[in-house]
There are 2 protein chains.
Amino acid sequence: MSLSDQSPLHGHQLIGQRSLLATGKPLHAINPANGETLEPGYPSGGAEEVELACKLAHDAFDSFRETDPESRATFLETIAEEIEAIGEQITERALQETGLPRARLEGERGRTCGQLRLFAGVVRAGEWLDVRIDPALPERSPMPRADLRQRRIALGPVAVFGASNFPLAFSVAGGDTASALAAGCPVIVKAHSAHPGTSELVGGAIQRAVKRCNLPEGVFSLLYGSGRILGQALITDPRIQAVGFTGSRSGGTALLKTAQNRPQPIPVYAEMSSINPVLLMPAVLEARAESLGQAFIGSLNMGAGQFCTNPGLVLALEGEALERFIATAADSVAASGCQTMLTPGIHDAYRKGVEQLSSLPQVKEVARGALDSDNASPCQTALFRTSASDFLSEPALQEEVFGASALIIACRDIAEMRAVCEHLEGQLTATVHMDDADHDAVRQLLPVLERRAGRILANGWPTGVEVCQAMVHGGPWPATSDSRTTSVGSAAIERFLRPVCYQDLPEALLSPTLRDANPEALPRLMDGKR
Amino acid sequence: MSLSDQSPLHGHQLIGQRSLLATGKPLHAINPANGETLEPGYPSGGAEEVELACKLAHDAFDSFRETDPESRATFLETIAEEIEAIGEQITERALQETGLPRARLEGERGRTCGQLRLFAGVVRAGEWLDVRIDPALPERSPMPRADLRQRRIALGPVAVFGASNFPLAFSVAGGDTASALAAGCPVIVKAHSAHPGTSELVGGAIQRAVKRCNLPEGVFSLLYGSGRILGQALITDPRIQAVGFTGSRSGGTALLKTAQNRPQPIPVYAEMSSINPVLLMPAVLEARAESLGQAFIGSLNMGAGQFCTNPGLVLALEGEALERFIATAADSVAASGCQTMLTPGIHDAYRKGVEQLSSLPQVKEVARGALDSDNASPCQTALFRTSASDFLSEPALQEEVFGASALIIACRDIAEMRAVCEHLEGQLTATVHMDDADHDAVRQLLPVLERRAGRILANGWPTGVEVCQAMVHGGPWPATSDSRTTSVGSAAIERFLRPVCYQDLPEALLSPTLRDANPEALPRLMDGKR
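Reading guide: rules and limits
Residues numbered from 1 in each chain as written. Chains lettered and ligands numbered in written order. Predicted model: local features only at pLDDT ≥ 70, side-chain atom pairs only at ≥ 80, totals over all residues. Heavy atoms only, no water. Pairing = 2+ DSSP bridges. Helix = DSSP H or I, 4+ residues; strand = E, 2+ residues; numbered from the N terminus. Axes fitted to C-alpha atoms, helices over the stretch in contact; angles between N-to-C directions. Contact = heavy atoms within 4.5 Å. Buried area = accessible area lost by both parts, 1.4 Å probe. Salt bridge = Lys/Arg side-chain N within 4 Å of Asp/Glu carboxyl O. Polar contact = N/O pair within 3.5 Å; in protein donor to acceptor, adjacent residues only side chain to side chain. Nonpolar A, V, L, I, M, F, W, Y, C, P; charged D, E, K, R; others polar. Core = buried A, V, L, I, M, F, W, Y, C linked by side-chain atoms within 4.5 Å. Buried < 20%, exposed > 50% of the residue type's maximum accessible area, 1.4 Å probe, protein only. Expected span 1.5 Å × (residues − 1).

Caption draft 1: How the structure looks around the sheet that holds strand E13 (residues 313–317) of chain B. With mixed pairing, the 11 strands of this open sheet are ordered in space as E22(A)-E5(A)-E6(A)-E21(A)-E20(B)-E19(B)-E12(B)-E13(B)-E18(B)-E17(B)-E15(B). For this open sheet the edge positions go to strand E22 (524–526) of chain A together with strand E15 (364–368) of chain B, each flanked by a neighbour on one side alone. If you compare each strand with its neighbour and ignore which way they point, the axes differ by 20° on average. Relative to E22 of chain A, strand E5 (residues 131–134) of chain A runs parallel, the two being bridged by 3 bridges. Note that in E22 of chain A the partner of Arg132 of chain A across the bridge is Leu525 of chain A. The sheet strands contacting helix H13 (residues 414–423) of chain B are strand E12 (277–280), E13 and strand E18 (405–411) of chain B, and the helix crosses E13 of chain B at an angle near 160°. Against the sheet, helix H14 (residues 439–452) of chain B contacts strand E6 (148–154) and strand E21 (497–503) of chain A together with E12, strand E19 (427–433) and strand E20 (453–458) of chain B, and its axis sits at roughly 145° relative to E20 of chain B.

Put into structure tokens, the structure is as follows:
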């Protein structure tokens, strides 16, 4: 595809079916590899753009949430088609805006479309409606029972904040948007300022899908602007009923506070901070220290360490096997090429985080990777070590350094390993490498890990999150703001629903889903039985 | 049963299997009918009692949450048996402490035991585990899929704050406790100070059930003390992972703020405030104004108006039919006997609320019920009217007056009725009385009511909440702090669970629930199919 085939970028706010030029200070993407400013500028929106998007979303809500499962599923599939129709242009722009490699961006585009189609299937299957019917018992003594029918309905318009590290799969048409639309919620996305061009391309695809499916225009809007102005205006708008966010702990916490201090507090699904402990049990470490050390650095370096599930912490018993693991890992780190980070700001935070860690007296540097001085946002892999007792006494050692930096903790025994696990904050993942001989020790640790993490992995690496039915990408605070949910996988739809019960409502007024005839053939709990 | 058969009350804190006398200022129940102080005193607990209860609950958690469904269900049934074994003594004490009529208290005891047995059935059925298994796809291209298995586990120890208005069904062994225990969460109840004796009796029953079932003692504790000291200590303890509360808007909001400001915020399920609008549509009002007026006051007076679902607001079109409705309702109010409120404090708040309402220039008094000057906590039924335009312009008219007080709003047309509904805060219930000729008008209102309420009733009255599968006792803020949930009915268990995913975990380390053999024969989503 030549450049002349590509639709030009306009820097417009996409509000419903409109394309509007805002009047605030323009945001520009920056190519993180060379620091170059990318055109066009995206003039920042503010209260006026939020007002229009929220009004349209509210106006669309009652109609959109009652679309039948088939229409809603078709809409999600149409978005996927429209994204595929743009094809390569998305990758070309994202390459410039994110510094991520081409193969990763192409894979992520496929994953984004696959995710939309997964939710189409979820919508059709209808379990998310959680239909429960308790028929009337007019003869029951001492009191008759009324006819009671429950379904779940969409919460309302949802604000989604695009993530920097997944410019497609967790941005404009990513997991939050797909699951909120699947639930029947109109979505207003605040584009991440790191990839506005990629956002505009994908936002245009959703805009066209809304039109092709004859849905009310307010089902989707895409806004550009600062978090402090446009983001705050969005969360405090009374028509917004939930928030999806993937980003930093400070950003997520700020959003959460704002949402909680509204006259009507609303749910915030913020996926924030995780250092993803990896436990190396004694028998497996003894048997495979070297291959584990190598594989560990492979996982650490994926995407320049900018995965939410990046393995930032390794726990093992001190001793000769651990030293072999560390020696191999150190060699792999030293051989690690310099990668480009997502933005100059993320690079800066990474550099400072690594500096702070290495300045602590309890921490010893194990190895550093290559550093390319021509790169404007380089990620130099960094590996450190400390003891369990030092880790337990210094809270700063538990802070996430976003990027390819990790800390190895040498524990005296399994009890101390367990103590470190108890001491950890909430995590997205906890990984345990084990041989059969380690099972008894793992049994002691599992209850702690279950309390600390949303996903427990055996003999693998946490980077890479399957989009499926059984996935949990979530976990206790501060991994997320709501441990009861997942942001990846089919259960993510449940975040945007609430139950409503209808008592003795005449059949003619019931939603088709709740009528006796069950015209959509959806699963139901009838008088307590499936 | 003679008094000598009854186990004496001790005023002890029941912490695990221990009975301890705290050292704080003793709380005494007061008979609201005559102001008499009831023995024994309940010395207030504080930080020390909270510490012990939380330690025991934490110690019990990992073991209790892994009890198999059958054992957990048996435990809930054993609690019901133990409550039944106390029998009449509970009613006798609750009569003195609450001023509620005997039949109501006997019914509530049955309902409480029925609720425990409902949750036993829910636990056995196993849908709450939401087991999802996506088997490994080692041959998948370009990337193999790992074996992924999801189940839900209990959140952790739960703090439950007993409600004043349901001294059994929403207190020590009420809906919050039953659903949290069903989920596998240890429970620490803060007894409501209005009925400490009833609480001690029921708490003793749970204590004995824990022992009979050989469960770790920390599964249940019952504490007495002030909300400001003991309550705050409980919510801020890092081992507490969720809160259940039924009470006032100010109380629930304070709890929520405290929980949100913890280093680790936790979910709060507060059921707080609802005025439960009742819409009388034109055709039905024309046809049955008088019988509706009479039935309305019957519902308003139930339990001296101290139901969460008490109908505090009536909407109808102005005109002759509404005047007939009002005239009949006024007669019924005037004939209403004086009832006893739950506590002198609730009586006082009711008196002030009614005074404030009647002092507003937009409000006209329609009728008042009888007032018994010998009663120390009398509820004098009160009925007021106003216009829709006045209601829309005066926020004070929307404030809940807890007790048998209601406000009738005369609307000019259906559009104005809809505007009033849009203007309402979140509600537990919304009721619509209609004839077939009203269906078209109701269709315009239903989407608004769905956005505003957790339960929509046709041609009935909101008081009386069936404990079943399809019930929703919940609703948007400020009816509750979390509209995604219900506090009554089987879905209440979902409030105390979070999903955990196991990736490639060896069969030997998996919970039986997740093993291939499915020994408990629980429902599962296998590769996306049931």
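Caption draft 2: The interface of chain B and chain A, seen in detail. Each partner contributes residues to the interface: chain B has 70 residues there, and chain A has 69 residues. Three residues, Glu450, Arg484 and Leu509 of chain B, lead the burial of chain B against chain A; their summed loss comes to 12% of the area buried on that side. Here chain B and chain A share 14 salt bridges between them. One salt bridge connects Arg530 of chain A with Glu127 of chain B, and the closest N-O pair in it is separated by 2.7 Å. Run the count over chain B and chain A and you get 52 residue pairs in polar contact (both at pLDDT 80 or more). For the side of chain B that touches chain A, the elements supplying multiple residues, two or more each, are helix H1 (47–64), strand E5 (131–134), strand E6 (148–154), helix H8 (249–260), H14, E20 and strand E21 (497–503) of chain B. A class-by-class count of the residues in the side of chain B that touches chain A yields 33 nonpolar, 13 polar and 24 charged. Two elements, strand E20 (residues 453–458) of chain A and E21 of chain B, share 3 bridges in a ladder whose sense is parallel. Bridge pairing in E21 of chain B links Arg455 of chain A to Cys501 of chain B.

Caption draft 3: Looking closely at the nonpolar core. One finds Leu279, Met281, Phe296, Phe325 and Met417 of chain A together with Phe75 and Ile83 of chain B to be the most contacted residues of the largest nonpolar core, which totals 151 residues. Among all residues touching Phe75 of chain B, those that are not within four sequence positions of it are Phe64, Leu181, Ala209, Val210, Cys213, Leu215 and Val219 of chain B. Listed in part, the 135 residues of the second largest apolar core include Ala183 and Ala205 of chain A together with Ala330 and Cys411 of chain B.

Caption draft 4: Structural detail: helix H2 (residues 69–86) of chain B. Between the first and last C-alpha of H2 of chain B there are 26 Å, a value that for 18 residues agrees with the 26 Å anticipated at 1.5 Å per step. Looking at the buried residues of H2 of chain B, the elements they touch are H1, helix H3 (88–98), helix H4 (102–125), helix H5 (175–183) and helix H6 (196–212) of chain B.

Caption draft 5: Quick peek at the pairing of E21 of chain B. All names here are of chain B. The element E21 is extensively covered by neighbouring structure, given that 7 of its 7 residues are classed as buried. Of the two faces of E21, the one carrying Leu497, Pro499, Cys501 and Gln503 and the one carrying Arg498, Val500 and Tyr502 are both buried. Inspection of the sheet shows E6 paired to E21 by 7 bridges, in the antiparallel sense. In the strand pairing of E21, Ile153 is matched with Arg498.

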